[in-house]
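One-letter residues, chain by chain:
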Amino acid sequence: MEVHMFELSVPWWALSLRVAIVYASLLVLVRLSGKRTVGQFTPFDLLVVLLLSEAVSAGMVGEDHSVTGALVAAVTLVAFNWLVAVATARSTRLQTLMEGAPVLIGRDGRLYADALKRNHVPRIDVERALREADCDLKDLKYAFLEADGGISVLKESSGDVQQKSGV
């Protein structure tokens, strides 16, 4: 059996279409998984991401194992990533849809347990962010779960508000 490392086994557009479908599907799945999944990787999360990439790779390239097929898939992924970046930079609505918006998780010395639970944020992570911001809970003005999964703490200090970024 002769191997042709540069010959595609399917038309280039079919390969690009497969990659686009998988890209869009994974984008939706990652977005639905929540802010903390994207922002804070535990060893378990990393394992899931690695296995997810392995699970979808065959769906992207099918039976094509050529160098050309791999390059078409890579170019398609980079192109879609670039298109999403350009589109979200130009549209606030699309950016919020794709990346999410900050969520208020605490205010005036009180944490909102329902917001923490709804967004899968362990209280210990908020406590860590408070320590990193050198802010006692009683001095908390606002705490936000950012779209990237980080926690921002705004501290009340002698009448003014100081911003410290945490976890």
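Everything discussed here concerns the structure shown above.
Because the structure is a prediction, the values reported are computed rather than measured.

Parameters at a glance
- Residues numbered from 1 in each chain as written.
- Predicted model: local features only at pLDDT ≥ 70, side-chain atom pairs only at ≥ 80, totals over all residues.
- Heavy atoms only, no water.
- Pairing = 2+ DSSP bridges.
- Helix = DSSP H or I, 4+ residues; strand = E, 2+ residues; numbered from the N terminus.
- Core = buried A, V, L, I, M, F, W, Y, C linked by side-chain atoms within 4.5 Å.
- Buried < 20%, exposed > 50% of the residue type's maximum accessible area, 1.4 Å probe, protein only.
- Patch = residues over 30% accessible without salt bridge, like charges linked within 9 Å, V, L, I, M, F, W, Y side chains within 5 Å.
- Areas by Shrake-Rupley, 256 points an atom, 1.4 Å probe, with all protein chains shown as cover.
- Salt bridge = Lys/Arg side-chain N within 4 Å of Asp/Glu carboxyl O.
- Phe/Tyr/Trp six-rings, centres within 6.5 Å; stacked < 30°, edge-to-face > 60°.
- Polar contact = N/O pair within 3.5 Å; in protein donor to acceptor, adjacent residues only side chain to side chain.
- Contact = heavy atoms within 4.5 Å.

### A look at the pairing of strand β1 (residues 103-107)
Thinking step 1. Pairing between β1 and strand β3 (residues 140-145): four bridges, direction antiparallel. Counted as the bridge partner of valine 103 is leucine 145 from β3.
Thinking step 2. Across two bridges, the pairing between β1 and strand β2 (residues 110-111) is antiparallel. Residue pairing across strands places arginine 107 opposite arginine 110, the latter belonging to β2.
Thinking step 3. Hairpin connection between β1 and β2: a loop of two residues separates the two successive antiparallel strands, and aspartate 108 in this loop has a positive phi of roughly 50°.

### Structural notes on the nonpolar core
Thinking step 1. Core analysis: the biggest nonpolar cluster contains 17 residues, and Ile105, Val126, Leu140, Ile151 and Val153 have the highest contact counts within it.
Thinking step 2. Put simply, the parts of the chain that give this core at least two residues each are β1, α6 (113-118), α7 (123-132), β3 and β4 (151-157).
Thinking step 3. The next biggest cluster of nonpolar side chains, apart from the first, holds five residues, and it includes Val19, Val56, Met60 and Ala73.

### Re a nonpolar patch on the surface
Thinking step 1. On the surface, a cluster of nonpolar side chains totalling about 410 Å² of accessible area is made up of Met5, Phe6, Val67 and Leu71.
Thinking step 2. Among the secondary structure elements, leucine 71 is positioned in helix α4 (residues 67-90).
Thinking step 3. Taking relative accessible area as the criterion, leucine 71 reaches 52% and is therefore assigned exposed.

### Focus: the environment of glutamate 63
Thinking step 1. Here glutamate 63 is to be found in the loop between α3 (43-61) and α4.
Thinking step 2. Glutamate 63 sits in the exposed class, given a relative accessible area of 70%.
Thinking step 3. On a C-alpha basis, the gap between glutamate 63 and valine 10 in space is 8.5 Å, while along the polypeptide they are 53 residues apart.

### Thoughts on the pattern of salt bridges
Thinking step 1. Throughout the structure, instances matching the rule amount to seven salt bridges.
Thinking step 2. Between lysine 141 and aspartate 108 there is a salt bridge whose closest N-O contact spans 3.3 Å. Taken together, the residues lysine 141 in strand β3 and aspartate 108 in the loop between β1 and β2 connect sequence positions 33 residues apart.
Thinking step 3. Classification of lysine 141 by relative accessible area gives buried; the value is 18%.
Thinking step 4. One continuous salt-bridge network, built from bridges that share partners, spans Arg107, Asp108, Lys141 and Glu156.

### Some remarks on the packing of aromatic side chains
Thinking step 1. Within the structure shown, the criterion is met by two aromatic pairs.
Thinking step 2. Look at tyrosine 142 and phenylalanine 144: their rings are 6.0 Å apart centre to centre, the planes differ by 25°, and that puts the pair in the stacked class.
Thinking step 3. With a relative accessible area of 23%, phenylalanine 144 lands in the partly exposed category.

### A few points about the side chain of threonine 76
Thinking step 1. Mapped onto the secondary structure, threonine 76 falls in helix α4.
Thinking step 2. Since its relative accessible area comes to 9%, threonine 76 is described here as buried.
Thinking step 3. One polar contact links threonine 76 to serine 16, side chain to side chain, over a distance of 3.0 Å.
Thinking step 4. Excluding anything up to four places from it in sequence, threonine 76 contacts Ser16, Val19 and Ala20.

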